[in-house]
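# Close look at the chain arrangement
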Amino acid sequence: VVTLDPRFAVSYQLGAVFLAEPPPVGLNRPETAVRLLERGIGAIPDNWFLHRDAALFRFEYLGDSAGAVARLRASASLPGAPAWLSSLSADLATKAGNVDGAREIWRSLASSDLQFVRENAQRSLMRLDALALVAAAQKVVDRYREQTGSVPAAWRDLVAAGQLEVELKLLA
């Protein structure tokens, strides 16, 4: 079909689903599915749907989070592309463990002309900050457990063990 009409976008999309899905639904060939979507992008470079699908297939089927994020970021600037594509790229970067990359995307979105995009970016940056604090606190708890053989019952246990310096007025 794509040979007869290379600009028939849905044929790339449906063909990719068939190629990527495991039997009995498909052929379990996700690499071929992504190549088909890339062929579609070559034929219709301004079709953001194909870019989005190629990114999601890279992420879900191939585990290529860097390629998925790059494809989504590029597609966000295409004509008619929705504002949420950049947000999706930041979410995928976070899920893939690329917190620095996600933070960079959210920072750029925090200066968007669209208020809802700015607000979402600010909330997402706060979420990343909170996740970093939780990870740091978990390291402190893990270190305490290694040294004492038990988990702390309260923040004061960590302070008493020299694992944490904190103003306890806020925690009282």
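Look up: the structure comes first, before these words.
Read on for an overview of the structure. (Residues numbered from 1 in each chain as written. Predicted model: local features only at pLDDT ≥ 70, side-chain atom pairs only at ≥ 80, totals over all residues. Heavy atoms only, no water.)

Within the secondary structure, Ala43 is located in helix α2 (residues 30-43). Overall, the relative accessible area of 25% leaves Ala43 in the partly exposed class. The spatial distance from the C-alpha of Ala43 to the C-alpha of Pro6 is 6.0 Å, given a sequence separation of 37 residues. Setting aside residues no more than four positions away along its own chain, Ala43 makes contact with Pro6, Arg7 and Tyr12. (Helix = DSSP H or I, 4+ residues; strand = E, 2+ residues; numbered from the N terminus. Buried < 20%, exposed > 50% of the residue type's maximum accessible area, 1.4 Å probe, protein only. Contact = heavy atoms within 4.5 Å.)

Viewed as axis vectors pointing N to C, helix α5 (residues 84-95) and helix α6 (residues 99-109) meet at an angle of 160°, and their least axial separation amounts to 7 Å. It follows that α5 is roughly antiparallel to α6 by the angle criterion. Every pair of crossing elements has a handedness; the one defined by α5 and α6 is left-handed. Across the interface between the two elements, Ser86, Ser87, Ser89, Ala90, Asp91, Ala93 and Thr94 of α5 pack against Val99, Gly101, Ala102, Ile105, Trp106 and Leu109 of α6. Along the lines of polarity and charge, the residues of the contact of α5 with α6 split into seven nonpolar, five polar and one charged. (Axes fitted to C-alpha atoms, helices over the stretch in contact; angles between N-to-C directions. Parallel < 35°, antiparallel > 145°, perpendicular 65-115°, else oblique. Left-handed = near helix turned anticlockwise from the far one by under 90°. Nonpolar A, V, L, I, M, F, W, Y, C, P; charged D, E, K, R; others polar.)

Quick look at the packing of aromatic side chains now. Enumeration according to the criterion identifies three aromatic pairs in this entry. Geometrically, the ring pair formed by Trp48 and Trp84 is edge-to-face, given 5.8 Å between the ring centres and 85° between the ring planes. Linking Trp48 in helix α3 (residues 48-62) with Trp84 in helix α5, this pair joins segments that are 36 residues apart in sequence. Residue Trp84 is classed as partly exposed on the basis of its relative accessible area of 42%. (Phe/Tyr/Trp six-rings, centres within 6.5 Å; stacked < 30°, edge-to-face > 60°.)

Here we take up the nonpolar core. Taken as a class, soluble globular proteins show a tendency for nonpolar side chains to be buried jointly. Core analysis: the biggest nonpolar cluster contains 20 residues, and Leu92, Trp106 and Leu109 have the highest contact counts within it. If you list the elements that add at least two residues to this core, you get α3, α4 (65-75), α5, α6 and α7 (115-148). Setting aside residues no more than four positions away along its own chain, Leu92 makes contact with Leu56, Phe59, Ala68, Val69 and Leu72. Listed in part, the 15 residues of the second largest apolar core include Val2, Leu37, Ile44 and Phe57. (Core = buried A, V, L, I, M, F, W, Y, C linked by side-chain atoms within 4.5 Å.)

Time to look at the pattern of salt bridges. Under the definition given, this model contains eight salt bridges. Two residues, Arg52 and Asp53, come together in a salt bridge whose shortest N-O distance is 2.8 Å. Through salt bridges with shared partners, a single network forms among Glu38, Arg58, Asp64 and Arg71. (Salt bridge = Lys/Arg side-chain N within 4 Å of Asp/Glu carboxyl O.)

Bringing unusual backbone geometry into the picture now. Omega for the peptide link from Pro23 to Pro24 comes to 10°, which places this bond in the cis form. Relative to the elements of secondary structure, Pro24 occurs in the loop between α1 (9-20) and α2. Look at Asn28: it is not a glycine, yet its phi comes out positive at around 60°. With respect to the secondary-structure elements, Asn28 resides in the loop between α1 and α2. Of the residues examined, Asn28 reaches a relative accessible area of 46% and is grouped as partly exposed.

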